[in-house]
Amino acid sequence: MSTLGNSTNIFWHDCAVGKVERQKLLNQQGCVVWITGLSGSGKSTLACSVGRELHSRGKLSYVLDGDNLRHGLNKNLGFKPEERTENIRRVGEVAKLFADAGLICIASLISPYRKDRDACRSMVPDASFIEVFMNMPLEVCELRDPKGLYKLARAGKIKGFTGIDDPYEPPLNCEIEIRQKDGICPAPCEMAGQVISYLDEKGYLHAH
């Protein structure tokens, strides 16, 4: 829902210092860790836990939190389907820039529509888009309800709320899935460890 048409008469300008040089400087590989799931599933908690663990290892990361971004970059967007799509598109473009800068960008958004997440994946080269699915049951998320939004949605005071009267389309081929074990939600440090282990195994915590 961009207010401007496609720009014309513009040209891409390359700089002498590129992604490879920045990654060598930081001794890590730029990538996007995209955390998706229902409201209350633990996305922000995981994002901050991963960021803290990376920091403790001397790795540079940045968290793009969906709610925080609606205070600035996306404050002119609502929650209609087309506005949700534009919200995710903007975040995807910013995440791409962070990854190109050599950072490990952690994006934490409900991002309910599969096509929008896939569009963000297609923005990032070299398969450096890591989709993390917070696969927590709706009843668990609703019981937590940290912001009181489910209660408002059930009362009809919020329309188009994901999981209640608007769909959430789960990933089909995510890189990481986090779910309950024997009915118990894993601790934040355990969830973060799962993501960190993946990043380490795939070589993102070292420069190539």
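For every chain, the first residue of its written sequence is number 1, and the numbers climb from 1 along that sequence. Under the rules for a predicted model, residues below a pLDDT of 70 receive no local features and side-chain atom pairs below 80 are neither given nor counted, while totals for whole chains, interfaces and linings still include all residues. Side-chain figures throughout are based on the complete set of non-hydrogen atoms in the structure, without hydrogens or water.

On to the pattern of salt bridges, then. When a carboxyl oxygen of Asp or Glu is within 4 Å of a side-chain nitrogen of Lys or Arg, the pair counts as a salt bridge. This structure, assessed with the given rule, holds 14 salt bridges. Its salt-bridge partner being Arg 84, residue Asp 166 comes within 3.9 Å of it at the nearest N-O pair. With Asp 166 in the loop between helix H7 (149–154) and strand S5 (176–179) and Arg 84 in helix H4 (residues 81–100), the pair connects residues that are 82 residues apart, well separated along the chain. What makes Asp 166 buried here is its relative accessible area of 16%. Arg 179 is the salt-bridge partner of Glu 177, the closest N and O atoms lying 2.9 Å from each other. For Glu 177, a relative accessible area of 33% corresponds to the partly exposed category. Several salt bridges converge on common partners, so that one network encompasses Arg 117, Arg 121, Glu 131 and Glu 175. Where helices and strands are cited, they refer to DSSP runs of H or I of at least four residues and of E of at least two residues respectively, numbered from the N terminus. Per-residue accessibility, obtained with a 1.4 Å probe over protein chains only, is compared with the maximum for each type, and a residue is labelled buried under 20%, exposed over 50%, and partly exposed between these values.

In this section: the pairing of S5. One face of the sheet, then the other: side chains in a regular strand alternate in exactly this way. By the alternation rule, side chains of S5 split into Ile 176 and Ile 178, which are all buried, and Glu 177 and Arg 179, of which none is buried. Strands pair, by our definition, only if DSSP identifies at least two bridges between them. Bridge analysis of strand S4 (residues 129–135) against S5 gives four bridges, and the strand direction is parallel. Counted as the bridge partner of Val 132 is Ile 176 from S5.

A word on the packing of aromatic side chains. Ring pairs are drawn from Phe, Tyr and Trp, using the six-membered ring of Trp, whenever the two centres fall within 6.5 Å, and their geometry is named by plane angle: stacked under 30 degrees, edge-to-face over 60, tilted for the rest. For the structure on display, the rule yields four aromatic pairs. Ring plane angle 85° and centroid distance 5.0 Å describe the contact between Tyr 150 and Phe 161, whose orientation is recorded as edge-to-face. Highlighted residues: Tyr 150 in helix H7 and Phe 161 in the loop between H7 and S5, separated in sequence by 11 residues. In this pair, the class of Tyr 150 matches that of Phe 161, namely buried. Two limits define a charge over a ring: the Lys NZ or Arg CZ must be within 6 Å of the ring centre, and within 35 degrees of the ring normal. In this structure, Arg 70 is placed above the aromatic ring of Phe 79, and the distance from its NZ or CZ to the ring centre is 3.9 Å.

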